[in-house]
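Notes for the structure review
One-letter residues, chain by chain:
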Amino acid sequence: MMVAAVPTRGERLRYWFSLAALAIVLPAAILVNSWDNLSEWRSRNRHIPLAVERGATQRYAGAQWQLTSLTRLPEGPTGTIPIVAEFETVVDDPELLGKGPCVVVLTDDRGRRWQPTFLPARAVRQARPEAVDKPRCGAFPNAEKGRTIKMAATFTVPGSATGLALSVTMAGARPEYLVFR
Amino acid sequence: MSSIVRSFVAVAITAAALYGLQHTTPGYGEITSPIAVAGKLGKRVAANAFTIGVANVHLARTVTTKRVGRTQTFTSSGVWVLVEGAAEARSESLTLMSAQWLGPNGVRYALSQRLSSVPGILPSERLEPGLPRPVLMAFEIPEGQVSGGTLLIARTAWSSLEEEVRIEMTDVRPDDIKPALVLARSEGAVPWTLRSE
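Thresholds applied
- Residues numbered from 1 in each chain as written.
- Chains lettered and ligands numbered in written order.
- Predicted model: local features only at pLDDT ≥ 70, side-chain atom pairs only at ≥ 80, totals over all residues.
- Pairing = 2+ DSSP bridges.
- Helix = DSSP H or I, 4+ residues; strand = E, 2+ residues; numbered from the N terminus.
- Expected span 1.5 Å × (residues − 1).
- Bend = angle between axes of the 7 residues up to and from the residue.
- Buried ≥ 20, exposed ≤ 12 C-beta atoms within 10 Å, placed from the backbone.
- Axes fitted to C-alpha atoms, helices over the stretch in contact; angles between N-to-C directions.
- Core = buried A, V, L, I, M, F, W, Y, C linked by C-beta atoms within 7 Å.
- Contact = placed C-beta atoms within 7 Å.
- pLDDT = per-residue confidence, 0-100.
- Nonpolar A, V, L, I, M, F, W, Y, C, P; charged D, E, K, R; others polar.

1. Quick look at the sheet that holds strand 9 (residues 176–180) of chain A
All names here are of chain A.
- Taken in spatial order, the 5 strands make up an open sheet running 1-9-8-5-6, and their pairing is mixed. Each edge of the open sheet is held by one strand with a lone partner, namely strand 1 (48–52) and strand 6 (113–114).
- When strand 5 (residues 102–107) meets strand 6, the two strands line up antiparallel, connected through 2 bridges. For Leu-106, the partnering residue across the bridge sits in strand 6 and is Trp-114.

Printed below as a string of structure tokens:
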């Protein structure tokens, strides 16, 4: 007849210690494995706004940025209001500026976000023809130091939109982005 | 109870639990399937990213489109379903790229590519916050799929865990199929007009 060996005090302690250690080791292993994904997710969701007052310039993504005008045109027949944003940048570091495309968004005080329209409305072409001819904010592959790049974007917003601000994000300069108030 | 019986019971319980887990674990497709937002015909449905309402549903054997200097008639071996509604983005500009007609037998019909260039068609309309826009959807479906259909609208057809508005098409019956519909461009607030012939 076989008799089971009675565990010693040391064996019992090791058993319970191992079991308790699992509660720490398992979450730690999961955390270590997903650290890269967590870091990437955190950096993608991090936003640092650089607020710029009207008429002021701000250094950002290797250039000096300035909002030259944010024009609210008269309300259209369907209650829409065209907004024309004209801005410019003086290139300081062409390599840094050329690192990523530019994303422009118009926001209001309720947190709503409007992307630029594909084609400027007829009212914009009539009221601000010079803005229609300006390029959009996109990539800057041929930027030269000291050169001024003038850009424009048009938006369509409802009459209820107040506290409009233009936000400019360069992919190479994230998480920072410009907010022209 | 002897230790053998106890062991046997423990193994049996574990096997039953594992069997249960195996047969009730949702698949990857189910875990990442769209998040349904239910709505009704004639009512505005609010998802987190957009709102949409369906006002009218027209059924026809043929659709004739009228554009400047060009008239085209589209016949079908099934039925044309033209859905008129209005949509609006809630917090940021977006485009609703996917609308599907879910038939009563579970088959999904995507928007007809034959009418993809008519004014106001859903995937061509950029929706802006605070600015409701009239939108049009056109499907070609078998006659048997008309009754008991559901309209599914989402930002894209393939993205995981996206919201999908599901509007039951109650009171849409094959008895209402018209012989022909004429779809013409309009300069008004609604960029099209629809009339039956």
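2. Description of helix 1 (residues 9–33) of chain A
Residue and element names in this part refer to chain A.
- Here helix 1 is 25 residues long and its end C-alpha atoms lie 35 Å apart, about the 36 Å a rise of 1.5 Å per residue gives.
- Of all the bends in helix 1, the largest measures some 30° and sits at Leu-22.
- Of all 25 residues making up helix 1, only 0 are buried, and the element is barely covered by its neighbours.

3. Here we look at the sheet that holds strand 12 (residues 163–168) of chain B
All names here are of chain B.
- Judged by pairing direction, the sheet is mixed, and its 5 strands sit side by side in the order 1-12-11-7-8 without closing on themselves. What marks the edges here is a single partner per strand, and that holds for strand 1 (35–40) and strand 8 (108–110). Taking the axes of each pair of neighbouring strands and ignoring which way they run, one obtains an average angle of 25° across the sheet.
- Direction of pairing for strand 7 (residues 98–102) relative to strand 11 (residues 150–154): antiparallel, over a ladder of 5 bridges. Each bridged residue has a counterpart across the sheet, and for Ala-99 the counterpart in strand 11 is Ile-153.

4. As for the nonpolar core
All names here are of chain B.
- Formed by 36 residues in total, the largest nonpolar core has its most connected members in Trp-80, Val-81, Ala-99, Met-137, Ala-138, Leu-151 and Ile-153.
- Counting residues per element, the ones that place at least two in this core are strand 3 (50–67), strand 5 (79–89), strand 7, strand 10 (133–141), strand 11, strand 12 and strand 13 (178–185).
- Those residues in contact with Trp-80 that lie beyond four places of it in its chain are Leu-59, Ala-60, Val-63, Ala-138, Glu-140 and Leu-181.

5. Some words on the confidence of the model for chain B
- Taken over all residues, the pLDDT of chain B has a mean of 93, while the share at 70 or more is 99%.
- If you check the scores for this complex, the pTM reads 0.83 and the ipTM reads 0.84.

6. Regarding the interface of chain B and chain A
- Counting from both sides, the interface comprises 8 residues of chain B and, opposite them, 12 residues of chain A.
- The residue makeup of the side of chain B that touches chain A, split by class, is 3 nonpolar, 3 polar and 2 charged.

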